[in-house]
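# Remarks on the overall topology
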Amino acid sequence: MSELIVSDTISLTSDPGERVLALYEAIEKHNHAYYEKDDPIISDSEYDALFNELVTLERVYPELQRVDSPTKRVGGKPLQEFTAVTHHVPMLSLNNAFSDEAVAAFDQRVSNFFHANLAVTPSKTITDVFPVSALKPQIEYVAELKFDGLAIALRYENGILTQAATRGDGMMGEDVTANIRTIKQIPLRLKTNTPPDILEVRGEILLLRADFEALNRTQEVAGKKIFINPRNAAAGSLRQLDSRITAKRSLSFFAYGSGELLGGAHFPKTHSALLAWYAELGIPVNDKYAVVKGINGLLSFYRRISDIRLCLPYDIDGVVYKVNHREKQEQLGFASRAPRFALAHKFPAQESLTKLLDIKVQVGRTGAITPVARLAPVFVGGAKVANATLHNEDEILRKDILIGDTVIVRRAGDVIPEIVRSVKEHRPDGAYAFVMPSICPVCGSHIKKLPDEVIARCTGGLICAAQRKQALLHFAQRRAMNIEGLGNKLVEQLVDQQIIQTPADLFRLDVSTLVTLDRMAEKSAKNLVTSLEKAKSTTLSRFIFSLGIRYVGETAAKILANHFGKLNNLLSATQVDLLSVHNIGSTMAQSIVNFLSESHNIDVIEQLRKVGVTWSESSLMATVSLPLAGQKFVLTGTLPTLSREKAKTLLEAAGAKIVGSVSAETNYLVAGANAGSKLIKAESLGVPILDEVSMCAMLDVL
Ligand code: IVH
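Predicted model, so just to flag it, every value in this text is computed and none were measured.

## Here's the deal with the side chain of lysine 646
Counting through the fold element by element, lysine 646 comes out in helix α24 (residues 644–653). Those residues in contact with lysine 646 that sit more than four places away from it in its chain are Asp452, Glu453, Tyr551 and Thr587.

## Observations regarding the confidence of the model for the protein chain
Confidence in the prediction for the protein chain averages 87 pLDDT; 93% of positions are at 70 or higher. In this model, residues 1–9 is a region of pLDDT below 50 whose contacts with residues beyond four sequence positions or in other chains number 19 contacts. Here residues 619–623 scores under 50 on pLDDT; set against residues more than four positions off or in separate chains, the count is five contacts.

## Details of the layout of surface pockets
Taken as a whole, the second largest pocket encloses approximately 1,400 Å³ of empty space. Considering the residues around the second largest pocket, the lining is formed by 46 residues, among which Leu92, Arg202, Tyr256, Ser258 and Pro339 are closest to the centre. Only β5 (140–147), β6 (150–157), β9 (198–206), β10 (252–262), α9 (271–280), β12 (316–323), α11 (326–332) and β15 (342–346) provide two or more residues apiece to the lining of the second largest pocket. Tallying contributions element by element places β10 first for the lining of the second largest pocket, with five residues.

## Here we look at the pairing of β9
Extensive coverage of β9 is indicated by the burial of nine of its nine residues. Sheet analysis places β6 next to β9, joined by eight bridges and oriented antiparallel. By the bridge assignment, glutamate 157 is partnered in β9 with isoleucine 198. Strand direction decides the pairing type here: β9 and β10, joined by eight bridges, are antiparallel. Bridging across to β10, glutamate 204 finds its partner in phenylalanine 254.

## Points about the nonpolar core
Ranked by internal contacts, the top residues of the largest apolar core, which has 73 residues, are Ile483, Leu506 and Phe507. Looking at which element gives the most residues to this core, the answer is helix α19 (residues 554–564), with six residues. Each residue touching leucine 506, except ones within four places of it in the same chain, is listed here: Leu472, Phe475, Ile483, Leu486, Leu494, Ile500 and Leu532. Val142, Tyr156, Ala164 and Leu207 belong to the second-largest nonpolar core, a separate cluster that totals 35 residues.

## Examining the packing of aromatic side chains
Using the criterion set out here, one finds 13 aromatic pairs in the structure. Between phenylalanine 113 and phenylalanine 114, the aromatic rings sit 5.0 Å apart at their centres with planes inclined by 75 degrees, giving edge-to-face as the arrangement. Where phenylalanine 334 meets phenylalanine 341, the ring centres are 5.8 Å apart and the plane angle is 80 degrees; that geometry is what we call edge-to-face. Following the ring pairs from residue to residue traces out a cluster consisting of Phe147, Phe254 and Tyr314. Lying over the aromatic face of phenylalanine 114, lysine 328 brings its terminal NZ or CZ to 5.4 Å of the ring centre.

Reading the values: rules and limits
Sequence order as written defines the numbering, with residues in each chain counted from 1. Confidence filtering applies because this is a predicted model: local features only for residues at pLDDT of at least 70, side-chain atom pairs given and counted only at 80 or more, and all residues used for totals across whole chains, interfaces and linings. Computation of side-chain values covers all heavy atoms of the structure but excludes hydrogens and water. By the criteria applied, helices consist of DSSP H or I runs no shorter than four residues and strands consist of E runs no shorter than two, each listed in order from the N terminus. For this analysis, residues touch if any pair of their heavy atoms sits within 4.5 Å. What pLDDT conveys is the predictor's confidence in a given residue, as a value from 0 to 100. Here a cavity denotes grid points, spaced 1 Å and computed from the protein atoms alone, that fit a 1.4 Å probe unable to get out, and a pocket denotes an open set having protein on both sides within 12 Å along at least 5 of 7 lines; residues with an atom within 4 Å of a point are the lining. Grid points are joined across faces, edges and corners, and a volume is the space filled by probe spheres set on the points. Note on classification: 1.4 Å probe, protein chains only; a residue is buried when its accessible area is under 20% of the maximum for its type, exposed when over 50%, partly exposed between these limits. By the convention used here, strands pair only if DSSP detects at least 2 bridges between them. To define a nonpolar core, start from buried Ala, Val, Leu, Ile, Met, Phe, Trp, Tyr and Cys residues and group those joined through side-chain atoms within 4.5 Å. Each aromatic pair joins two rings of Phe, Tyr and Trp (for Trp, the six-membered one) with centres within 6.5 Å, and gets the label stacked for planes under 30 degrees apart, edge-to-face for over 60, and tilted for any other angle. The criterion for a charge sitting over a ring is simple: Lys NZ or Arg CZ within 6 Å of the ring centre, and within 35 degrees of the ring normal.

Here it is in structure tokens:
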């Protein structure tokens, strides 16, 4: 319903005072459309024209500038220090609950407060977790998200934002008005003709995860401090003495409560009505709240939010329950530092502290040696963690991690747990550095690190049991030979007991051998033999992929199968032949040549043919549709493990075009450490930015 307001439609008046007010209104309206609704009405240049006109008018007529002028949003002169602010209504904290039982106890307490003498006759429906009283009316609550940011109080006097203060110790905070004014989501003037004398809005300042990541990239390029998490970054951005810095930080805000309220016609009777009123006044309110009843209503909200938590664009650390009726809230009152009418139901921590006991190395399919942290077991995000990846040697050095250190472990969703950093204040005297072994702990072959690589590798190839296991699992996976029922545990036993040396040996397995293994009953043994038989007939591209040639992912395997038609054509291909294949680059060609020049690899292929593995061959070139066909990529900075040339090869094999400079046509920028102007340009053009891991995930080569 916002109407288009462009410069000339409001320049009809010649009175500068009126014009200034009209500009205030127009600019704030566009701020709201842009920052709140995500639906701009006018172009950026039209917006700039309005803004510049206001700047000029205020310069010519300084007396016309008011405290709620949008020009104040760009930040002003740095402060020497923040002024202290006394909260008229204390800013309290919340009591926390970590279990369903603690939530049930809270609901009981509230319920007993209002209906102490009603009898309890438990009744329960199938979906309910807790039985509820058939006689007692259930309490109505508002369930909200618990934002992981920092609390702020916004004071509106007669509808104009006059003061913003941090929580501080709850009684006194700091005046951060100049900084808050730079947040364009926050109205400088409320959208109403009848504002209350005083309205103190309370809520949370936070950074969206995407804004946090963008901020850290900019900080890194500028060689400045990297923030640990969005909350930290939001706090650092809000507590800036120079509000021009805050203005650049894309802070967000959600209102969830009130402080002082004075001189209004009628203030809302319920918390849900308060939130709805805020929204009408133009104050940002998160829409993921719900009005629910009783303990089962509370818990089902918690479960619903737990499920979508990681999909939200900002961090939350739980949910908050509040008795809906404000009069009831008052009756319940406060106990020391927290209200009795509200409760925070927290999610299990996603980051925990623990002790790093040791660092061992793990050997991957291509021999890559990954240092793995052995930890004193700890619960992180609801799961017990005893191991965490340290990625590579450089990472350990960069994070300054010593064995014996206390470390912060993080788990995000289903991702492998990782160590965020060490806590140096807790470093014990005997802490010592990890040394990359020079000999593979599994097979005794040398470990080598090529000059242009970050990753150290075991040179043992298929002699190495660790590599053999991984190679077999790669061979058997669904996208390769698709051998159903051949999992991790089974491969471990088959290799450890030396039943299997090469993939061809798999097809020689019989039921009588299999039943001797742990957890292998006759039925599963028979099933495995059947699925091995079924897997024997495959396609050429799957067969090529299953060989596990370095850099040859599914897409490259398809290209090779289509190009060469027959396996023998590929086996006899020279480096020059391979390079002539569209989208096969020099790194991949070299890797294929190396693989095929090893007689034991040719041997495996021959054995696989002998045990009856077949695929349809054709001499026709078919067309493959490459996943990144036509997409323009730009590479910049140093990637953690891949050289520029290798990243280029991988991308080209998937059909991407590598171009030198970022423009509006660029589809993706792949950025590594020390990325500079290209990254900044990509950010300003809104070009999606990938790191090495996300690029590899896109290419399916992890
Ligand atoms: S209500 C008197 N609601 O959590 C009630 N707080 O642990 C005061 N928080 O300092 C807070 N989301 O910074 C409330 N939906 C929400 C919240 C919320 C995040 C923060 C707030 C508060 C802290 C208490």
